[in-house]
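# Working through the structure, step by step
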Amino acid sequence: QYIIPFSVPKEEAVDLIRTYIEKGSFVPNEIKNFEVERVRGIYIPFWLYNVEYSDQQFLTGEVRSGKNSHTEYFMRKAKVVFHDFTLDASRQLNDGVSQRLEPYDTRGLTPFHSAYLSGFYADCFDFKAEDMQGFAVFRCKNLFNHEMEKTIKADKIKLVSSYPYSNVTEAKYAMLPAWFMTFRYENVPYTILVNGQTRKVVGAVPYDKAKARSRMILIAALIALIAIPVMYALLQAEDSDIMEFIFIIIGSAFLCWRKGVKKMKELTNSIERTRESAMNSFVKDRQEG
């Protein structure tokens, strides 16, 4: 029914990918010089939903008062209408990848015409609109709840009861543009995507583990070289303020470590999505088709 034409030419997509790769930490040199022929423009099938969603919620949260905290109760009631809420209708594309391509500016939708497909591959939907309607409502619910929680100034927020209402009023079929670039590293396929309208780059680049390990060992050694004598000197002191300072340093270091672990987990998950065999097959078939 509708299409958002490519507004990002192939040359610009290639430049965006090169810049994205060069920004990565410890990127292997083999990846930086990828073949431009492996970059392909593909129209991805999407269902666009109009969804009415409302809810009345009762929640609890922990509110701090000085060094103490107490439980408070909250009531929230709201209604929202989602227009042209996008959901990828392709079976082979990981939903996590396609969602990261979003948002598309649906104000750029235009009635479909086959002339827009010239030079590009266009895929067909694998899921019917009614098949994905429940998932559309589920995503709308999560977005709604997230915005609702942002209005509550408390910790450990819990939903006690909820009275949601949803109604899908319309579903439209549209083709949305994306550039796909595939490459292999250590005989494993990877795919990086560029939103063909907004220029957003999605995907994770593998890193040279040996380089990363060497850098981490060097940084750890430097920190230890500086920190050990400082900590020893502080521990010799009996001033309570100094001891409190030490605990703050240790706590901060622990928080940084946790943040680093979280970042690494996110990177690992992103790399896993980027190297999925199903998505690689999806792109390969269309690059050779």
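Use the structure listed above.
Described below are features of the structure shown in this document. Sequence order sets the numbering: in each chain, residues are counted from 1 along the sequence as written. Owing to the predicted nature of the model, reporting of local features is limited to residues with pLDDT of at least 70; listing and counting of side-chain atom pairs is limited to 80 or more, with chain, interface and lining totals taken over all residues. The basis for every side-chain value is the complete set of non-hydrogen atoms in the structure, without hydrogens or water.

Helical segments are the DSSP runs of H or I of at least four residues, strand segments are the runs of E of at least two, and each set is numbered from the N terminus. What the chain contains, in helices and strands, is seven helices and nine strands. Across the chain, the fraction of contacts at a sequence separation of at least 24, relative to all contacts at a separation of at least 6, is 81%. Per-residue accessibility takes into account occlusion by the displayed protein chains alone, with areas from the Shrake-Rupley method and a 1.4 Å probe. Summed over all atoms, the accessible surface of the chain reaches about 17,500 Å², with 55% contributed by carbon and sulfur. Whether two residues touch is decided by their heavy atoms; if any such pair falls within 4.5 Å, the residues are in contact.

The next thing to look at is the pattern of salt bridges. A side-chain nitrogen of Lys or Arg and a carboxyl oxygen of Asp or Glu constitute a salt bridge if their distance falls within 4 Å. Taken as a whole and assessed by the stated rule, the structure comprises six salt bridges. The salt bridge involving Asp155 is made with Arg64; its shortest N-O contact spans 3.7 Å. Placement of Asp155 in strand S6 (residues 155–162) and of Arg64 in strand S2 (residues 39–65) is noted, with a sequence separation of 91 residues between them. Residue Lys172 is joined to Asp84 by a salt bridge in which the shortest nitrogen-to-oxygen separation is 2.8 Å. With Lys172 in strand S7 (residues 165–185) and Asp84 in strand S3 (residues 68–88), the pair connects residues that are 88 residues apart, well separated along the chain. Buried residues are those whose accessible area, probed at 1.4 Å on protein chains only, stays under 20% of the maximum for their type, while exposed residues exceed 50% and partly exposed ones sit between those limits. Exposure remark for Lys172: the relative accessible area of 12% places this residue in the buried category.

As a further point, take the pairing of S3. Where S2 meets S3, 19 bridges bridge the pair, whose relative direction is antiparallel. Along S3, the bridge assignment pairs Val51 with Phe82. Two strands pair under a simple rule: DSSP has to find at least two bridges between them. In sequence, S2 turns back onto S3 through a hairpin of two residues, with Gly66 there showing a positive phi of about 70°.

On to the environment of Glu52. Relative to the elements of secondary structure, Glu52 occurs in strand S2. For Glu52, a relative accessible area of 25% corresponds to the partly exposed category. Each C-alpha atom, one on Glu52 and one on Val137, is 9.0 Å from the other, the two residues being 85 residues apart in sequence. Not counting residues within four places of it along the chain, the set of residues in contact with Glu52 comprises Val80, Val81, Tyr165, Ser166, Asn167 and Thr169.

What follows deals with unusual backbone geometry. A negative phi angle is the norm for most residues apart from glycine, just as the trans form is the norm for most peptide bonds. For the bond from Glu102 to Pro103, the omega torsion is 5°, close enough to zero to count as cis. Position of Pro103 among the secondary structure elements: in the loop between helix H3 (95–101) and strand S4 (110–111). Backbone geometry at Lys156 places phi at a positive 50°, although glycine is not the residue there. On the accessibility criterion, Lys156 (67% relative accessible area) is exposed. Even without being glycine, Arg199 reaches a positive phi, approximately 75°.

Next up on the list: the environment of Tyr190. Within the element layout of this structure, Tyr190 appears in strand S8 (residues 188–195). Separated by 13 residues in sequence, Tyr190 and Gly203 have C-alpha atoms that sit 8.5 Å apart.

Before going further, it helps to examine the packing of aromatic side chains. Only rings of Phe, Tyr and Trp enter the pairing, Trp through its six-membered ring, and a pair is recorded when the two centres are within 6.5 Å. The plane angle decides the type: under 30 degrees is stacked, over 60 is edge-to-face, the rest tilted. Going through the model one piece at a time under the given rule, you end up with 12 aromatic pairs. Among the aromatic residues, those joined into a cluster by ring pairs are Phe6, Tyr43, Phe120 and Trp179. A cation sits over an aromatic face here: Lys172 above Tyr2, 5.3 Å from the ring centre. By definition here, charges over rings are those cases where NZ of Lys or CZ of Arg is within 6 Å of the ring centre and within 35 degrees of the ring normal.

Let us look at the nonpolar core. We call a set of buried Ala, Val, Leu, Ile, Met, Phe, Trp, Tyr and Cys residues a nonpolar core when their side-chain atoms join them within 4.5 Å. Core analysis: the biggest nonpolar cluster contains 37 residues, and Ile21, Trp47, Tyr49, Trp179, Met181 and Ile192 have the highest contact counts within it. Looking at this core, the elements that each hand over two or more residues are helix H1 (10–23), S2, S3, helix H4 (129–150), S7 and S8. When neighbours within four sequence positions are excluded, Trp47 is seen to be in contact with Phe85, Thr86, Leu87, Ala89, Phe125, Phe127, Lys128, Ala129, Met132, Lys172 and Tyr173. Membership of the second largest hydrophobic core comes to 16 residues, among which are Ile42, Ala178, Leu193 and Val202.

To continue, consider the environment of Met175. With respect to the helices, strands and loops of the structure, Met175 is situated in strand S7. A relative accessible area of 9% places Met175 in the buried class. Each C-alpha atom of the pair Met175 and Phe112 lies 8.3 Å from the other, and the pair is 63 residues apart in sequence. Not counting chain neighbours up to four residues away, the residues in contact with Met175 comprise Tyr2, Ile3, Ile4, Tyr43, Ile44, Pro45, Ala122 and Asp123.

One less than the residue count of a helix, multiplied by 1.5 Å, gives the span that helix is expected to have. With 14 residues, H1 ought to run about 20 Å at 1.5 Å a step, and its terminal C-alpha atoms sit 20 Å apart, in line with that. The set of residues buried in H1 consists of Ala13, Val14, Ile17 and Ile21. Around the axis of H1, the buried residues are gathered within 100° of arc, so they sit on the same side. Exposed residues pointing more than 90 degrees away from the buried face of H1 are listed as Glu11, Glu22 and Lys23. It is the directions from the helix axis to the C-beta atoms whose arc is reported.

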